[in-house]
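Remarks on the overall topology
As a plain string of letters, each chain reads:
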There are 2 protein chains.
Amino acid sequence: MVKRTSFEGDACPIARALEAIGDWWTLLIIREALFGLRRFGEFQSKLGMARNILSVRLRSMVDQGILETAPASDGSAYQEYVLTPKGRGLFPILVALRQWSEEFDDHPEEITTILVDRAKGRPVRKLELRAEDGRLLSQPDTMLKLRPAPRRRSA
Amino acid sequence: MVKRTSFEGDACPIARALEAIGDWWTLLIIREALFGLRRFGEFQSKLGMARNILSVRLRSMVDQGILETAPASDGSAYQEYVLTPKGRGLFPILVALRQWSEEFDDHPEEITTILVDRAKGRPVRKLELRAEDGRLLSQPDTMLKLRPAPRRRSA
DNA sequence: CCAAATGGTTTTATGATGCAACCACACATC
DNA sequence: GATGTGTGGTTGCATCATAAAACCATTTGG
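Residues numbered from 1 in each chain as written. Chains lettered and ligands numbered in written order. Predicted model: local features only at pLDDT ≥ 70, side-chain atom pairs only at ≥ 80, totals over all residues. Heavy atoms only, no water.

**Some words on the packing of helix 2 (residues 26–35) of chain B against helix 3 (residues 40–47) of chain B**
Residues and elements named next belong to chain B. Across the interface, helix 2 lies against helix 3 with an axial gap of 11 Å and an inter-helix angle of 115 degrees. Helix 2 and helix 3 meet at a crossing whose hand is right-handed. In this structure, helix 2 contributes Leu28, Ile29, Arg31, Glu32 and Ala33 to the contact, and helix 3 contributes Phe43, Lys46 and Leu47. (Axes fitted to C-alpha atoms, helices over the stretch in contact; angles between N-to-C directions. Helix = DSSP H or I, 4+ residues; strand = E, 2+ residues; numbered from the N terminus. Left-handed = near helix turned anticlockwise from the far one by under 90°. Contact = heavy atoms within 4.5 Å.)

Below, the structure is given as C-alpha cells:
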C-alpha cells in the first residue's frame, strides 16, 4: 500500500478539511459553483480540466454533501450540480486564499479581479478573526486548547 | 506533456494560491511551523510523512518565500526552517479550513482541539468578512469586479 | 576515532492525473 | 421511428507525483 496517505480520522480539523477539498481541482470547481455554474459541460469548458477527473470530483463532492444533484432547471432532462450549505460554507476559505495571493503574490499585477461589496462596488476588507469580546486577533494572540472529551456512557 | 496542469500564470488568485500551497502536505507543514516546529526531523516525526516529500516541499516553500532557512538556534550546526511574513500570512487560510470542519464535518466529535483567544482562553469567533463601511458580508453580498488594468507605458 | 543521530537523496513501486477515444442517452429533425 | 447532434459521462493508456525503504554525508557524543 503506497497510496497517497489519507488524513481521514485525523483529529486535526485542518487535515480533515484537506481530506475533503484538498484535491487539485476541487476548490476551483467550488469557485465556479459559487459563481453560478451548474452543468457538467460548463465546469469542464470553463476550467479546461479532464472530464474523467471532473466526473470523479463531482461524484466525490456529492458523496460528501458539498454538492447535490438537482433534476433539472432549464427544462432539459439533464442534471445539475448545486452547492449545499456545506458547500457554500467553503466561501471563507476561497476568500482567504484570494486575499493571501493579493497580499503576497510575487506578481499581483497579473490578478485581474477584485472581490467587492455588491452594494457599494467597493473592495471588501481583509478577513477578520475576533475574540468573543470583539478584539481583533492575529496568530500569536491565539492558541490551541484540548476540547474536553464529550461524555461517553461506557468505555 | 501529460503533467499535472499548473495554474501558474492563471489570473485567478485562488488558482495562484493553490499552485503555491495546494499540495497535499504543504498546509500541514505550515500548521506545524505556526506551532513552532522548525527542524526537519520535527516535521517528519510529527507529521509521519515520507522524508523525500518533506524535503521537496520544504525546498519549494523556501523557493517561494514562505519559509526561510535559519542557520541555527539551539547552537547546533544544523539549519532550521522558519516562516516568513508570507508564510505567517497563511494563518487565516488555516483558520478558515478549521472552522469549516468544525461547522460541517460529519463527525465533529473527533476533532479534539479548539482555537481559543490566548488572553481569555475562550473560543474565537468565526472569521468575518466586512465591507469597507463595516457591514458583515456573506457570499451573495459580494461580487467579482474586473480590476482596471494597471497603466502600461507602451503596447 | 568510533557510534549514533540528524538531515537529507536515491531507488523503486504504485496511486493519481491528463488526454483521447469511446459509449449511452436525450433531444431535435425529418 | 430512423437519423443526427450535443450532453454527459466512462474506459484505456501514458505520464507524473507520492510513498516506503534503503542509502549516504555530516554532525554530535563518547
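**Concerning the nonpolar core**
A general trend in soluble globular proteins is that nonpolar side chains are found buried together. Grouped together as the largest cluster of nonpolar side chains are 84 residues, with contacts concentrated most on A:Leu97 and B:Leu97. Apart from the residues within four sequence positions on either side, A:Leu97 is in contact with A:Leu27, B:Pro13, B:Ile14, B:Ala17, B:Leu18, B:Ile21 and B:Ile93. (Core = buried A, V, L, I, M, F, W, Y, C linked by side-chain atoms within 4.5 Å. Buried < 20%, exposed > 50% of the residue type's maximum accessible area, 1.4 Å probe, protein only.)

**Overview of the environment of B:Asp74**
Structurally, B:Asp74 can be placed in the loop between strand 1 (67–70) and strand 2 (80–83). Excluding residues within four positions of it along the chain, B:Asp74 makes contact with B:Arg39 and B:Glu80.

**A word on the protein's contact with DNA strand C**
Within the structure, DNA strand C sits among 26 residues, and A:Asn52, A:Arg57, A:Ala77, B:Arg39 and B:Ser55 are positioned closest to it. Each atom of DNA strand C within 4 Å of the protein was assigned to sugar, phosphate or base; sugar and phosphate come to 70%. Between DNA strand C and the protein, one listed contact pairs a sugar or linking oxygen with a side-chain N or O atom of B:Tyr78 at 3.5 Å. Contact distances for DNA strand C include 3.4 Å between a phosphate oxygen and a side-chain N or O atom of B:Gln79. Going through the elements one at a time, helix 4 (51–63) of chain A together with helix 3 and helix 4 (51–63) of chain B are the ones with two or more residues in the surface near DNA strand C. (Near = heavy atom within 4 Å. Polar contact = N/O pair within 3.5 Å; in protein donor to acceptor, adjacent residues only side chain to side chain.)

**Some points on the domain arrangement of chain A**
Residue and element names in this part refer to chain A. Taken domain by domain, chain A holds domain 1 (13–87) and domain 2 (91–141). Placing a centre on the C-alpha atoms of domain 1 and another on those of domain 2 gives a separation of 24 Å. Carbon and sulfur atoms supply 89% of the area buried between domain 1 and domain 2, which totals about 330 Å² over both sides. If you sort the residues of domain 1 by the area they bury against domain 2, Ile21, Leu27 and Leu34 come out on top, with a joint share of 78%. Our enumeration of links across domain 1 and domain 2 arrives at 0 salt bridges. On the surface where domain 1 and domain 2 come into contact, there are 0 residue pairs in polar contact (both at pLDDT 80 or more). Of all the elements, helix 2 (residues 26–35) adds the most residues to the side of domain 1 that touches domain 2, at 4 residues. (Domains from an automatic or database assignment. Buried area = accessible area lost by both parts, 1.4 Å probe. Salt bridge = Lys/Arg side-chain N within 4 Å of Asp/Glu carboxyl O.)

**Quick word on the protein's contact with DNA strand D**
With respect to spatial proximity, 26 residues lie near DNA strand D, and among them A:Arg39, A:Ser55, B:Asn52, B:Arg57 and B:Ala77 are the closest. Take the atoms of DNA strand D that sit within 4 Å of the protein: sugar and phosphate atoms are 67% of them. A:Asn52 places a side-chain nitrogen or oxygen 3.3 Å from a base oxygen of DNA strand D. In this structure, a phosphate oxygen belonging to DNA strand D sits 3.2 Å away from a side-chain N or O atom of B:Asp23. Those elements that place two or more of their residues in the surface near DNA strand D are helix 3 (40–47) and helix 4 of chain A together with helix 4 of chain B. Here the surface near DNA strand D gets 4 residues from one element, more than from any other, and that element is helix 4 of chain A. Its residues assigned to classes, the surface near DNA strand D shows 10 nonpolar, 7 polar and 9 charged. (Nonpolar A, V, L, I, M, F, W, Y, C, P; charged D, E, K, R; others polar.)

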